[in-house]
Amino acid sequence: MFRRYQPKENVQKKAYYTDRFLVVPEIPKNPVEDSVSLSHIDAVSKSVNIIESYMQRDNVVMIVDAKDAKPALALLKDQGYKVLTEMSAVDWLAKKGGFEVFYQLLNIKAAKRIRVKCFIKENEAIESVEPLFRSADWSEREMYDMFGIKVNNHPNLKRILLPEDWHDYPLRKTYPLHGDEAANWYEVDLIYGKEYRDVIGPEQRDAAYVDENDTKNFARIGHEVGYGEQPTRNLTPIRYQEEGGVPLVKKMKPEETKIRADKSWNK
Amino acid sequence: MQQPNRLAPFYENLAFEREDDRMIINFGPNHPSAHGLLNLILELSGEEIVKAYPNVGFLHRGMEKMAENMIYNEFLPTTDRMDYVAASANNYGFALAVEKLVGLEVPRRAKVIRMLLLELNRLASHLFWLATHALDIGAMSVFLYAFREREYVLDLIEDYCGARLTHSSVRIGGVPLDVTPEWRKAMAEFMAHLPNEITMYENLLDTNRIWRMRLEEVGYLDPEIAQSWGCSGIMLRGSGIQWDIRKEEPYELYDEVDFDIPTSDKCDSYGRYKLYMEEMRQSIRIINQVLGMYEGTEPALMAHAPQYVSAPKEQIMTQNYSLMQHFVLVTQGMRPPVGDIYVGTESPKGELGYYIYSDGEAYPYRLKIRAPSFYHTGLLQDWLPGSYLADVVTMIGSSNTVFGEVDR
Amino acid sequence: MAQHEVNYLQKGGLPIMLTTVDKLVNWGRSNSLWFFTFGLACCAIEMMASGAGRFDFDRYGIIFRASPRQSEVMVISGTVTKKYAPFIRRLYDQMAEPKWVVSMGSCANTGGMFNTYSTVQGVDRIIPVDIYLPGCAPRPETLQYAALMLQQKIRSESINRKISTKRFI
């Protein structure tokens, strides 16, 4: 008769009410109707085994096996898809045990786009398409940086967006948003050393933290007092200069300000 | 009195004259002309660059991971901070991607207002580009003039949505606010005033000997390399390739307005500079046409899709079910159908694309942002060798990179 | 209060002279602050706009210098990431005394909206800060008000100033 009690500590982690009868529809996957894209896909299917190809809301998608990704891209490049707009991965480690890598291609002459998707298992490495498209140089590095997917025959597989000595791969679902311990203390360890961790103190990650009596951080906007002094309820007076003014500097008086009626300040 | 710290002394970054007469220097992350946080490690032979290695990531804020924990509407202000020079363009790209994912139909008045905002942001971005590029080359007065025009644009945007820099002016399903007749009048006045200013900048710079010497024949970008690196926007059009997403895959009302796409065959920085000036004029042309399209539109600003988009404010305040639906949408978020989508729009920097993979939850399962400046910065690896050190500044400026986008 | 007569002129007038010297030096320092252009992200655009024609900074004597060795005030404008933190510390150390730090915008104050793995939650974890500016991005007038507040703070200091060690030993 009673609704089961759900503990409320981590309510922000997910929408705390999920409708268990809700079935979210899927975007319909239609067969590819566009003749130009269809001809390109057919040209590819002659040498590469295409698992599936469909169109979802006017995005043409082609699913291939992981080892066929590079040959498929080479064939598409011959068809005119000379621009690799982006490539990255989606983390399905928990549900399917691997990553889904996608490549987004653009054909400028025919003004068509196509997406090539493939699935790789957790510790599998993928072949680099950098010889075909130079932009894969950086895209694959970013994919490695964020997910840990190794890329074979890449000219320079190093971390690109994070420091070189970062631990773990952030965009995996198992990595916490606020970072693990190595991440939380990264800058303190690097600049000052581990001994200063208690001098500087842990990070303040709670976005809603408010302490009325704290005058060492700047939380008391409008009622500022000196560092460490007693908090007061007096409003800090807004003044642009000291009362007596500063020698040789024009004294700014609030009474002398003119408020322009019109917004056009240059007229 | 120095605070004790463990950072190694400074000179480890420089390796002077090795045996083969080459010097490695750091075009450091903190540089007045680096347009943000770009650490470019250059290997020089005399003044000529032999190898270049761009080191980015100094502004990586983890936006893609943030998106996996935020509902779609909540993430929209975060997109402002990517290309922070033209914030509405990023908002719009994200809103368009979600709208396509869900299948929303945006009302016409919202489309008109969105187009006005987009083109206004394009002007703001190009003016900023001109200001900083000229400042780097040395024309400091152009910096002040272009910022003066930019203040006009920011005033208009501030009148509309309240913020100068981080707008969040475009929402999923439409726009939140309507434009007043006074605002449209101020826009029309500004559009009448701006072409003369652009002509003044061109008169200052076009035939200026120093400007031409520093920009012509500098930064020759081969079209094949540009395509291979995934360049977009003016980097492609400056190399002769006619590709503008507004013409090829039109969104909003771009197929109803009349405008040209300037391209340049010269492939150098001077050609790109002329393209930016020409694009500003085309933006003015678009805005003048769109301002006329406002009359006669129905006063609907957000799409009518109760499952995904809240009702207008008047209904929320008076109708009970609208209030309940709004509450649910704000606290739990809307749930788009399962599937993935990629949408690319023409932001002032190039092709800004969003790839959203939704698994039916209120949070995107994966959001990948395709930032044009990311690839333009990677391009520096292949593009810089062969030029001189003084040209590095010109080429970085000419590629119009913004580091909020590169690192996200 | 006049129970004992204090002869201020007995040591050659040293305490009075020091106060006047204090005032003179602080007057000079506060009216010609040279800022270090430390633009990181969006707030850098507002900093540039506040130095441009409409919200002029030059009228306060504030000039933007690109080198840390020639500047006095470091305005941290933008998000501080963990990859960039050692550079900030190094640049702060390279500035000569006297130096002040203004933390501009939410990202520099506390990490701002980016409560993620790679953002330093407040630049005052790495360097001592004098003035914090709220806003995202703060308006140019806010930055100018912060400059004026910094001037008032400098004028109330003594010239034998120690670094305000807020968090470090």
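These figures come from a predicted structure and were not determined experimentally.

Chemist: Would you mind showing me how to read the overall build of chain B here?
Modeler: Scanning chain B from terminus to terminus reveals 16 helices and six strands. On C-alpha atoms alone, chain B measures out to a radius of gyration of 23 Å, which is about the 22 Å that the 2.2 N^0.38 rule sets for 408 residues. Residues counted as buried form 65% of the 408 residues belonging to chain B. Across chain B, every contact between residues at least 6 apart in sequence was considered, and the portion connecting residues at least 24 apart equals 71%. A distance of 3 Å separates the average location of the 37 positive side-chain charges in chain B from that of its 56 negative side-chain charges.

Chemist: Before we go on, may I ask you to explain the nonpolar core in this structure?
Modeler: Nonpolar side chains in soluble globular proteins tend to end up buried together. Judged by nonpolar contacts, the single largest core of 237 residues is most densely connected at A:M62, A:V101, A:Y103, B:L42, B:F94, C:M74 and C:I76. The greatest single-element share of this core, amounting to 17 residues, is contributed by helix α4 (residues 108-137) of chain B. Those residues within four positions of A:V101 in sequence are excluded, and the remaining contacts are A:M87, A:S88, A:A89, A:V116, A:K117, A:C118, A:I120, A:I126, A:M143 and A:I149. With seven residues, the next largest nonpolar core counts A:V90, A:W92, B:Y342 and B:Y355 among its residues.

Chemist: Any chance you could explain the confidence of the model for chain C here in plain terms?
Modeler: Caution applies to low-pLDDT regions: their predicted coordinates should not be interpreted in detail. Residues and elements named next belong to chain C. When pLDDT is averaged across chain C, the result is 82; 82% of the residues are at 70 or more. Across residues 164-169, where pLDDT falls below 50, the model places 21 contacts with residues more than four positions away in sequence or in other chains. Predicted complex metrics record ipTM = 0.87 and pTM = 0.90.

Chemist: Please explain the packing of aromatic side chains as it appears in this structure.
Modeler: Think of a pair of aromatic rings as described by two things: how far the centres are apart, and how the planes are tilted against each other in angle. Tallying each qualifying case throughout the model produces 34 aromatic pairs over all chains. Both rings, one in B:Y72 and one in B:F94, keep their centres 6.4 Å apart while their planes meet at 20°; by these two values the pair is stacked. Here B:Y72 is found in helix α2 (residues 72-80), whereas its partner B:F94 is found in helix α3 (residues 87-102), with 22 residues between them in sequence. B:F94 shares its class with B:Y72; the two are buried. For the pair C:F35 and C:F57, a centre-to-centre distance of 5.4 Å together with 65° between the ring planes defines the contact as edge-to-face. Within this pair, whereas C:F35 is found in strand β1 (residues 34-36), its partner C:F57 is found in the loop between α2 (42-51) and β2 (63-65), the two being separated by 22 residues in sequence. Ring pairing ties together the aromatic residues B:F58, C:F36, C:F38, C:Y84 and C:F87, which thus form one cluster.

Chemist: Looking at this structure, how should I read the interface of chain A and chain C?
Modeler: Size of an interface: often given as the accessible area lost when the parts come together. Taken together, the contact pairs 44 residues of chain A with 30 residues of chain C. Summing both sides of the interface, chain A and chain C together bury roughly 3,200 Å²; the carbon and sulfur share of this comes to 59%. Summed over the shared surface of chain A and chain C, the number is three salt bridges. Note that A:E187 and C:R125 form a salt bridge whose closest N and O atoms lie 3.0 Å from each other. Our count for the contact surface shared by chain A and chain C stands at eleven residue pairs in polar contact (both at pLDDT 80 or more). Those elements that place two or more of their residues in the side of chain A that touches chain C are α4 (181-184), α5 (186-191) and α6 (197-200) of chain A. Here the side of chain A that touches chain C gets five residues from one element, more than from any other, and that element is α5(A).

Chemist: Please clarify how the interface of chain A and chain B should be interpreted in this entry.
Modeler: Every contact between the two is made by 72 residues of chain A and, on the other side, 64 residues of chain B. Buried surface at the junction of chain A and chain B, summed over both partners, amounts to about 5,900 Å²; 53% is from carbon and sulfur atoms. Applying the counting rule to chain A against chain B returns eleven salt bridges. Across the pair A:K95 and B:D359 runs a salt bridge, and its minimum N-O distance is 3.6 Å. Counting every contact that joins chain A to chain B gives 28 residue pairs in polar contact (both at pLDDT 80 or more). Of all elements in the fold, only β3 (83-92), β4 (98-107), β5 (112-121), α3 (136-147) and α5 of chain A reach the threshold of two or more residues within the side of chain A that touches chain B. In terms of residues, the side of chain A that touches chain B owes the most to one element, β3(A), which gives ten residues. When grouped by side-chain class, the residues that make up the side of chain A that touches chain B number 34 nonpolar, twelve polar and 26 charged.

Chemist: What exactly am I supposed to notice about the sheet that holds strand β4 (residues 339-347) of chain B here?
Modeler: Sheet strands pair by backbone hydrogen bonding; their relative direction is either parallel or antiparallel. Residue and element names in this part refer to chain B. Spatial ordering of the open sheet is given by β4-β5-β6, a layout of three strands whose pairing is antiparallel. Each edge of the open sheet carries a strand with a single partner, namely β4 and β6 (366-370). Averaged over all neighbouring strand pairs, the angle between strand axes comes to 10°, with direction disregarded. Relative to β6, strand β5 (residues 350-358) runs antiparallel, the two being bridged by five bridges. For Y357, the partnering residue across the bridge sits in β6 and is R366. Helix α14 (residues 372-383) rests against β4, β5 and β6 of the sheet, and its axis sits at about 120° to β5.

Chemist: Looking at this structure, how should I read the sheet that holds β3(A)?
Modeler: Residue and element names in this part refer to chain A. Read from one edge of the open sheet, five strands run β1-β2-β5-β4-β3, paired in mixed fashion. On the outer flanks of this sheet lie β1 (50-56) and β3, each paired with one strand and no other. Sheet twist, expressed as the average angle between the axes of neighbouring strands with direction ignored, equals 20°. With three bridges joining them, strand β2 (residues 59-64) and β5 adopt parallel strand pairing. Bridge pairing in β5 places I63 opposite K117.

Chemist: How should I be thinking about the side chain of C:Q151 in this particular structure?
Modeler: Residues and elements named next belong to chain C. Topologically, Q151 is positioned in helix α5 (residues 140-155). Among the polar contacts listed, one links the side chain of Q151 to the backbone oxygen of S30, at a separation of 3.0 Å. Those residues in contact with Q151, other than ones at most four positions away along the chain, are S30, N31, L33 and Y60.

Chemist: Teacher, can you tell me more about the packing of helix α5 (residues 140-161) of chain B against α2(C) here?
Modeler: The packing of two helices is summarised by the inter-axis angle and the distance between the axes. Axis separation between α5(B) and α2(C) bottoms out at 10 Å; the angle between their running directions is 110°. As far as their axial angle goes, α2(C) and α5(B) are roughly perpendicular. Facing B:F143, B:F147, B:R150 and B:E151 of α5(B), the residues of α2(C) in contact are C:I45, C:M48 and C:A49. In terms of residue class, the contact of α5(B) with α2(C) is built from five nonpolar, no polar and two charged.

Chemist: Can you walk me through α5(B) in this structure?
Modeler: Side chains of residues three or four places apart in an α-helix project in the same direction, reflecting 3.6 residues per turn. Its 22 residues place the ends of α5(B) 31 Å apart at the C-alpha level, agreeing with the 32 Å of an ideal helix rising 1.5 Å per residue. Looking one or two places after α5(B), you find B:G162, whose phi comes out positive at around 100°.

Chemist: Would you mind going over the packing of α2(B) against α3(B) with me for this structure?
Modeler: All names here are of chain B. Across the interface, α2 lies against α3 with an axial gap of 7 Å and an inter-helix angle of 150°. By the angle between their directions, the pair α2 and α3 is classed as roughly antiparallel. Of the two possible hands of crossing, α2 and α3 adopt the one that is right-handed. Counting all contacts with α2, which are made through Y72, F75, L76, T79 and D80, the residues of α3 involved are A87, N90, N91, F94, A95, V98 and L101. Residues belonging to the contact of α2 with α3 are distributed by class as follows: eight nonpolar, three polar and one charged.

Chemist: Looking at this model, I keep getting lost on a nonpolar patch on the surface. Mind explaining?
Modeler: Residue and element names in this part refer to chain A. A contiguous nonpolar patch, built from I238, Y240 and M252 and spanning about 290 Å² of accessible area, is present on the exposed surface. Here I238 shows up in the segment after α6. With relative accessibility at 64%, the residue I238 sits in the exposed group.

Chemist: What exactly am I supposed to notice about the pattern of salt bridges here?
Modeler: Side-chain pairs of opposite charge can arise whenever the charged atoms involved come near each other. Residues and elements named next belong to chain B. Evaluated as defined, the whole model comprises 59 salt bridges over all chains. Between R122 and E119 there is a salt bridge, and its shortest N-O distance comes to 3.4 Å. In this pair, R122 and E119 are both assigned in helix α4, three residues apart and thus about one turn of the helix distant. By relative accessible area, which is 3% here, R122 ends up buried. A salt bridge links E189 to K185, with the shortest nitrogen-to-oxygen separation between them at 3.6 Å. Of this pair, E189 and K185 both sit in helix α6 (residues 181-205), four residues apart, which is roughly one turn of the helix. By relative accessible area, which is 52% here, K185 ends up exposed. Salt bridges here are not isolated pairs; linked through shared partners, they connect E119, R122, R237, D244, R246, E279 and E346.

About the criteria used
Residues numbered from 1 in each chain as written. Chains lettered and ligands numbered in written order. Predicted model: local features only at pLDDT ≥ 70, side-chain atom pairs only at ≥ 80, totals over all residues. Heavy atoms only, no water. Helix = DSSP H or I, 4+ residues; strand = E, 2+ residues; numbered from the N terminus. Rg over C-alpha atoms; globule rule 2.2 N^0.38 Å. Buried < 20%, exposed > 50% of the residue type's maximum accessible area, 1.4 Å probe, protein only. Contact = heavy atoms within 4.5 Å. Lys, Arg positive; Asp, Glu negative; His and termini not counted. Charge placed at Lys NZ, Arg CZ, Asp CG, Glu CD. Core = buried A, V, L, I, M, F, W, Y, C linked by side-chain atoms within 4.5 Å. pLDDT = per-residue confidence, 0-100. Phe/Tyr/Trp six-rings, centres within 6.5 Å; stacked < 30°, edge-to-face > 60°. Buried area = accessible area lost by both parts, 1.4 Å probe. Salt bridge = Lys/Arg side-chain N within 4 Å of Asp/Glu carboxyl O. Polar contact = N/O pair within 3.5 Å; in protein donor to acceptor, adjacent residues only side chain to side chain. Nonpolar A, V, L, I, M, F, W, Y, C, P; charged D, E, K, R; others polar. Pairing = 2+ DSSP bridges. Axes fitted to C-alpha atoms, helices over the stretch in contact; angles between N-to-C directions. Parallel < 35°, antiparallel > 145°, perpendicular 65-115°, else oblique. Expected span 1.5 Å × (residues − 1). Left-handed = near helix turned anticlockwise from the far one by under 90°. Patch = residues over 30% accessible without salt bridge, like charges linked within 9 Å, V, L, I, M, F, W, Y side chains within 5 Å. Areas by Shrake-Rupley, 256 points an atom, 1.4 Å probe, with all protein chains shown as cover.

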